[in-house]
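# Report on the structure
One letter stands for each residue in the lines below.
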Amino acid sequence: MSLVVDGKEVQFAPGETVLSASLRAGIKIPHLCSLDWACKSEAACRMCLVELEGVPRLQTSCTMEAKDGQKVRTRSPRVQAVRRNIVELLIANHPNDCLVCERNQNCELAQVASELGVREHRYRGLKKDHPLDLSSPSLVRDPNKCILCGRCVTVCHQVQGVGAIDFIDRGIKTHVGPGFHDGINVSSCIFCGQCTRVCPTAALMEKSHVSGVVAALADPNAFVVAQIAPAIPATLMETAQSSSVRTMLLRLAAALKRAGFDAVFDTGFAADLTIMEEVSELIKRVTTGGTLPMFTSCSPGWIQYVEKHRPELIPHLSTCKSPQQMAAALIKDVYPKHRDLGGKRLVVVSLMPCTAKKAEAAELGDVDFVLTTREIEELFKRF
Ligand code: FES
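Quick summary incoming for the structure in this document. Just so we're clear, the structure is a prediction, and the values are computed from it rather than from any experiment.

## What about the overall build of the protein chain?
- Within the protein chain, the secondary structure is distributed over 14 helices and 13 strands.
- A total of 383 residues make up the protein chain; the buried ones form 48% of that total.
- Here the analysis covers contacts within the protein chain between residues at least 6 apart in sequence; of these, 66% occur between residues at least 24 apart.
- Surface summary for the protein chain: the accessible area is close to 19400 Å², and the carbon and sulfur share equals 55%.
- Mean positive and mean negative side-chain charge positions of the protein chain (45 and 41 charges, respectively) differ by 5 Å.

## Thoughts on the packing of aromatic side chains
- If you walk through the whole model with that rule in mind, you get 3 aromatic pairs.
- Here the aromatic rings of F223 and Y335 are separated by 6.2 Å at their centres, their planes lie at 50 degrees, and the arrangement is tilted. You can see F223 sitting in strand 10 (residues 222–228) and its partner Y335 sitting in helix 12 (residues 335–338), a full 112 residues away along the chain. Like F223, the residue Y335 is buried in the burial classification.
- Geometrically, the ring pair formed by F265 and Y335 is edge-to-face, given 5.1 Å between the ring centres and 90 degrees between the ring planes. In this pair, F265 is assigned in strand 11 (residues 263–266) and Y335 in helix 12, connecting sequence segments 70 residues apart.

## Description of the sheet that holds strand 2 (residues 8–11)
- With mixed pairing, 5 strands are arranged side by side in an open sheet as 2-1-5-3-4. Where the open sheet ends on each side, the last strands, each with one partner, are strand 2 and strand 4 (59–60).
- Pairing between strand 1 (residues 2–5) and strand 5 (residues 71–73): 2 bridges, direction parallel. Bridge pairing links V5 to V72 in strand 5.
- This element, helix 2 (residues 77–92), spans strand 3 (49–52) and strand 5 of the sheet and lies at about 160 degrees to strand 3.

## With respect to the pairing of strand 1
- Summarising the sheet, strand 1 and strand 2 pair through 4 bridges and their orientation is antiparallel. The residue of strand 2 that forms the bridge with V4 is E9.
- With antiparallel pairing between neighbouring strands as the criterion, strand 1 and strand 2 make up a hairpin whose turn holds 2 residues, including D6 at a positive phi of roughly 50 degrees.

## Details of the sheet that holds strand 13 (residues 369–371)
- With parallel pairing, 4 strands are arranged side by side in an open sheet as 11-10-12-13. Looking at which strands have only one partner, the edges of the open sheet turn out to be strand 11 and strand 13. Along the sheet, successive strands turn relative to each other by an average axial angle of 25 degrees, direction set aside.
- Against the sheet, helix 6 (residues 210–218) engages strand 10, strand 12 (345–351) and strand 13, with an angle of about 120 degrees to strand 13.

## Some words on the pattern of salt bridges
- The final tally for this structure, using the stated rule, is 17 salt bridges.
- Between E88 and R122 there is a salt bridge, with its nearest N and O atoms 2.7 Å apart. Taken together, the residues span a long stretch of sequence, with E88 in helix 2 and R122 in the loop between helix 3 (108–115) and strand 6 (139–141) at a distance of 34 residues.
- In this structure, the salt-bridge partner of K332 is D368, at a minimum N-O distance of 2.9 Å. Here K332 is found in helix 11 (residues 323–333), whereas its partner D368 is found in the loop between helix 13 (356–364) and strand 13, with 36 residues between them in sequence.
- Its relative accessible area of 34% is what places D368 among the partly exposed residues.
- Each of E51, R73 and R78 takes part in a single network of salt bridges with overlapping partners.

## A closer look at the environment of V264
- Inspection of the secondary structure puts V264 in strand 11.
- The class of V264 is partly exposed, set by a relative accessible area of 25%.
- The spatial distance from the C-alpha of V264 to the C-alpha of L379 is 16 Å, given a sequence separation of 115 residues.
- Filtering out sequence-adjacent residues up to four positions away, V264 remains in contact with A226, I228, A253, L256 and K257.

## A few points about helix 3
- Within helix 3, the full set of buried residues consists of L109, V112 and A113. Down the axis, helix 3 shows its buried residues gathered within 100 degrees of arc, on one side only.
- Contacts from the buried residues of helix 3 go to helix 2.
- Where helix 3 ends, the next residue or the one after it, G117, has phi of about 75 degrees, a positive value.

## Thoughts on the side chain of E51
- Structurally, E51 is set in strand 3.
- A polar atom in the side chain of E51 sits 2.5 Å from the side chain of S76.
- When neighbours within four sequence positions are excluded, E51 is seen to be in contact with L58, K71, V72, R73, S76, R78 and V79.

## Section: the environment of K127
- As for its position among the elements, K127 is in the loop between helix 3 and strand 6.
- Along the sequence, K127 and T60 sit 67 residues apart, while their C-alpha atoms lie 28 Å from each other.
- Residues contacting K127, with those up to four places away along its chain left out, are I91, A92, N93, H94 and N96.
- There is a polar contact of 3.1 Å between the side chain of K127 and the backbone oxygen of A92.
- A polar contact is formed between the side chain of K127 and the backbone oxygen of H94, at a distance of 3.0 Å.

Basis of the calculations
- Residues numbered from 1 in each chain as written.
- Predicted model: local features only at pLDDT ≥ 70, side-chain atom pairs only at ≥ 80, totals over all residues.
- Heavy atoms only, no water.
- Helix = DSSP H or I, 4+ residues; strand = E, 2+ residues; numbered from the N terminus.
- Buried < 20%, exposed > 50% of the residue type's maximum accessible area, 1.4 Å probe, protein only.
- Contact = heavy atoms within 4.5 Å.
- Areas by Shrake-Rupley, 256 points an atom, 1.4 Å probe, with all protein chains shown as cover.
- Lys, Arg positive; Asp, Glu negative; His and termini not counted.
- Charge placed at Lys NZ, Arg CZ, Asp CG, Glu CD.
- Phe/Tyr/Trp six-rings, centres within 6.5 Å; stacked < 30°, edge-to-face > 60°.
- Pairing = 2+ DSSP bridges.
- Axes fitted to C-alpha atoms, helices over the stretch in contact; angles between N-to-C directions.
- Salt bridge = Lys/Arg side-chain N within 4 Å of Asp/Glu carboxyl O.
- Arc of directions from axis to C-beta.
- Polar contact = N/O pair within 3.5 Å; in protein donor to acceptor, adjacent residues only side chain to side chain.

What follows is the structure in C-alpha cells.
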C-alpha cells in the first residue's frame, strides 16, 4: 500500500500514521509531541499538520492513519503559515534566555522556529513564573521552559510504566510535574532520565555535574580518575565517526587524559566482576533454596522501579553492587595502594548512560560525579 506525499510515492505498513510513513521516506514533517516509539500521540503541539486532498481541515499527521492512494501536502503555504503561527504562540511566553540555556544550539523548538523563518516576536504573552525543581539528585525541572508537548508524560507513563509526572493546573498555570506540586524527589520517579531525553526544550534536564568536574580538574590537590561505562563509546559513535567501539573507547580515554584526567578506567571490568558476583549469589540461592528467580541489580533505575513500584520483587533482586559502584569502591580502596597519588584527594568521575546513576552515586558515595553522554560533550566544549 502507498500514499503520495508531496508528489512522492510512499509505502506504508497497515496502521502506520502519515507522519511515520513520511519520516521513514525521508520527508521531514516537524513534530514536537509525537515520539518515534509505538506510543499513541496526544497531538498536543499541532506542528505536524498537513493537507489531505478532499479534506477541508488540516489534519495532524501523527494521528492520521495512512490510506492507500491518499494525497498529502506537507509544505503548502497554508500549512507553513499555520505552523509558523503555532511556533509564534509557543515562543510568546517562552523565556528569552536562549544564549544561556543548556539546550542552546540543541533545542528542537528553536530549530523548528528557525526552519519556519520565525525571526521576530509577533505576540507578547504572559511569562510563566514557576519555581525551578532542583529536588532530584538526577534531574532539573524548569516548568517555565515547558511547551506542554507531553512527550515526558507519554514516555513516563507509556514506556517506563512509572507515571511520576502529569499535567497539573489549568490555563496559563498548566504545567507538567509530580502530584500535589511536590518536588520530583518525593514522587514515584525512578530517575531514569527518559523524560530529559525526549524533552524538546530545557524543561527537563539532567542535573549537570560538568562544573564540578571542571573545578576538580583545575584543583592541584585533586587526583581525578574517570571510569567509562561500555555504553558510552557506543553512543558517542553516533556523532563522532569511529570504526569500532574499541577505537571510540581509546579515543575517549585519550581525550579525557588531554582534558586533565589523571587516570581512566573501563567500567567493563567491574561489569565482569558484577556478573561473577551475581553468578556466585545465584548458585548459592539455587543450592540453599534461596529466593528465585534472581534479578540483576546492576541498573539503579531498575532498582528504583522495583523499590517504588513492585516492592514484592525486592527479595528477587541480587544484593550485588552495580558495576559503577564496584569500580568506584575498587578505585578508592585498591588503586591508591598501587599508585602514589602524591597526597592528593582521589576524585572519581563516572561516565554513564543513565541519569539514575547520579541518584545512586548520591546515595551510596564512592562516586563523586556522574556525567551523561550529553554532559561529556558539554565538558569537552570547555577545553
Ligand atoms: Fe502531531 Fe504534535 S506531532 S500534534
